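In case you want the letters, here they are:
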Amino acid sequence: MKAPYLLPLTIAMILNGCSVLPHSGPSFSAIKNIDKQNGNLDKIYSQVKIVNLNNLSQNPKTNFPINNPKFINEPNDKSRKIDNIGKGDALKISVIETPPAILFTGTGDTSAPKTGLTELPVVIVDSQGYISLPFVGDIKAINRNPSQVQKEIVEKLSGIANRPQVIVTVLEKRSSSVTVIGDQFSGKMPITAKGERLLDAVTMLGNNMYDIRDTLIQITRNNKIDQIPLSLVLSNPKFNIHLQRDDVITLINKPSSFISMGATGATKEVRFEAIGINLSQALARIGGLRDSQANAKGVFVFRYQDTINTSKNQERVPTVYQIDLSDPNSLFIMNNFQIQNNDIVYVASAPIIELQKFLYAIFSPGVGVVNQINQISD
């Protein structure tokens, strides 16, 4: 009977944390103490930041890592003066002279008084913002609307034409446009008095579209850049904002995914939409936690978190977010925690599972350590 002599070996294995036993991943205690590991083994240990989400919920001033869209929609003079004429615009000018026409005469029977309707050649607003017309001379057109230009032309023709009337039409508005960029199509879209919106620019791409679920719209405006999922613009009209002159609209194909590992319903890569999902939705998509195996206190999210250091430089810090699902408040916390692309959602095994593995390794007739050493001793 050699089994009593194995007591020291058994105790040693227990004190060693069952490190020789198979695991689906690191234990709860190993993750909680990751920042206390031997830095000589791997410098990443000393850089890891552990964040307890349950503790953060007690401080209302703490910002959760939520990807709420901060969409650009600032008031701008460009949007209020969209009717104004600018450099490079093409103008069509029609002059109507009340009969009997003196300066401008129409075609036809000259024996009867006629209304003089004259279509002047298309004029382009020059780099100084002026246009030049016969009998009128140079007129400043830039930053004025068509009605204002019409009024000045009428005033200058009044002394030489019979009660003239003028119509100024903008044929091509080159000075006020947005740039639309896609993977297979790019172009310019003019901004008119209609007040074009974000989805008007998106429709320019036609069939050259990505999957709506994976598409982000990036807007560059006034040297600022912001992004919003296309699906969010489609579902919420308030994000279908009015475009402004010189906006750059870029459609980006950005499929996202996270990895589930540990005591979950499945170990796999899970794709999610550009609009994003929260932690509760992520756990639902992988089948939740295994009731017989998971440690409810040990739900972790591993990611490289972008932070600003003391030198005001951006750096990526390896960060582990932990949440205790045995706390009822965690159900609300999960709804406010957004999963990001390339996150790893890991669920640690319950302590009883580690004990079961240990007992199986020690006392199993087929593979147990006791059985194997007894055979060697015999």
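Anything mentioned here points back to the structure above.
Residues numbered from 1 in each chain as written. Predicted model: local features only at pLDDT ≥ 70, side-chain atom pairs only at ≥ 80, totals over all residues. Heavy atoms only, no water.

Q: Explain the overall build of the protein to me, please; I cannot follow it from the model alone.
A: A count of helices and strands for the protein gives eleven helices and 17 strands. Within the protein, the proportion of its 378 residues that are buried is 39%. Look at the contacts in the protein between residues 6 or more apart in sequence, and 63% of them connect residues 24 or more apart. Here the protein has roughly 21,600 Å² of accessible surface; of this, 52% comes from carbon and sulfur atoms. (Helix = DSSP H or I, 4+ residues; strand = E, 2+ residues; numbered from the N terminus. Buried < 20%, exposed > 50% of the residue type's maximum accessible area, 1.4 Å probe, protein only. Contact = heavy atoms within 4.5 Å. Areas by Shrake-Rupley, 256 points an atom, 1.4 Å probe, with all protein chains shown as cover.)

Q: Can you help me understand the packing of aromatic side chains in this one?
A: Working definition: an aromatic ring pair is given by the centre-to-centre distance plus the angle between the planes. This model, assessed by the stated rule, comprises four aromatic pairs. Ring geometry for phenylalanine 302 against tyrosine 346: centres 6.4 Å apart, planes inclined by 80°, an arrangement best described as edge-to-face. Taken together, the residues span a long stretch of sequence, with phenylalanine 302 in strand S15 (residues 294-308) and tyrosine 346 in strand S17 (residues 344-349) at a distance of 44 residues. On the accessibility criterion, phenylalanine 302 (22% relative accessible area) is partly exposed. Each ring, one from tyrosine 321 and one from phenylalanine 337, has its centre 5.1 Å from the other, and the planes form 65°; the classification is edge-to-face. Remark: phenylalanine 337 occurs in the loop between helix H9 (330-336) and S17 and tyrosine 321 occurs in strand S16 (residues 314-323); sequence separation between them is 16 residues. Each member of the pair, tyrosine 321 together with phenylalanine 337, is buried. An aromatic cluster of at least three residues, connected via ring pairs, comprises Phe300, Phe302 and Tyr346. (Phe/Tyr/Trp six-rings, centres within 6.5 Å; stacked < 30°, edge-to-face > 60°.)

Q: Looking at this structure, how should I read the nonpolar core?
A: Note that soluble globular proteins tend to have their nonpolar side chains buried in a common cluster. Core analysis: the largest hydrophobic core is formed by 23 residues, its most contacted members being Leu53, Phe258, Leu279 and Ile339. Elements supplying a minimum of two residues to this core: helix H3 (53-56), strand S14 (268-272), helix H8 (279-285), S15, S16, H9 and S17. Contact partners of leucine 279, with chain neighbours within four places excluded, come to Val301, Ile323, Met334, Phe337, Ile339 and Val345. (Core = buried A, V, L, I, M, F, W, Y, C linked by side-chain atoms within 4.5 Å.)

Q: Is there a simple way to explain the side chain of glutamate 152 in this structure?
A: Position of glutamate 152 relative to the elements: it lies in helix H5 (residues 146-157). Overall, the relative accessible area of 18% leaves glutamate 152 in the buried class. Residues contacting glutamate 152, with those up to four places away along its chain left out, are Ile139 and Arg144.

Q: Mind showing me how you'd approach the pairing of strand S13 (residues 256-262) here?
A: Two faces, one strand: in a regular strand the side chains alternate between the faces of the sheet. Among the seven residues that make up S13, five are buried, leaving the element largely enclosed by the rest of the structure. Both S13 and S14 contribute to a ladder of five bridges, which runs antiparallel. Residue pairing across strands places serine 260 opposite lysine 268, the latter belonging to S14. Relative to S17, S13 runs parallel, the two sharing four bridges. Following the sheet pairing, serine 260 is matched in S17 by valine 345. (Pairing = 2+ DSSP bridges.)

Q: How should H5 be read in this particular structure?
A: Each α-helix turn comprises 3.6 residues. Residues three or four places apart therefore point the same way. Taking 1.5 Å of rise per residue, twelve residues should cover 16 Å, and H5 covers 17 Å from first to last C-alpha, within 8% of that figure. Of the residues making up H5, those classed as buried are Pro146, Val149, Glu152, Ile153 and Leu157. All buried residues of H5 lie within an arc of 130° about the axis, which places them on one face of the element. H5 presents Ser147, Lys151 and Glu155 as exposed residues on the side facing more than 90 degrees away from its buried surface. Considering only its buried residues, H5 is in contact with strand S2 (90-97), strand S5 (130-133), strand S6 (137-140) and strand S7 (164-172). The distance from a side-chain oxygen at the start of H5 to the backbone nitrogen of serine 147 is 3.1 Å, and the residue carrying that oxygen is asparagine 145. (Expected span 1.5 Å × (residues − 1). Arc of directions from axis to C-beta. Polar contact = N/O pair within 3.5 Å; in protein donor to acceptor, adjacent residues only side chain to side chain.)

Q: Would you mind going over the pattern of salt bridges with me for this structure?
A: Pairing between side chains becomes possible if they bear opposite charge and their charged atoms approach one another. What the rule picks out here adds up to eleven salt bridges. The residue lysine 194 makes a salt bridge to aspartate 200 at a minimum N-O spacing of 3.2 Å. Here lysine 194 falls in the exposed class, since its relative accessible area comes to 58%. Between arginine 245 and aspartate 246 there is a salt bridge, and its shortest N-O distance comes to 3.9 Å. What makes arginine 245 partly exposed here is its relative accessible area of 32%. Aspartate 246 gets classed as partly exposed once you look at its relative accessible area, which sits at 49%. (Salt bridge = Lys/Arg side-chain N within 4 Å of Asp/Glu carboxyl O.)

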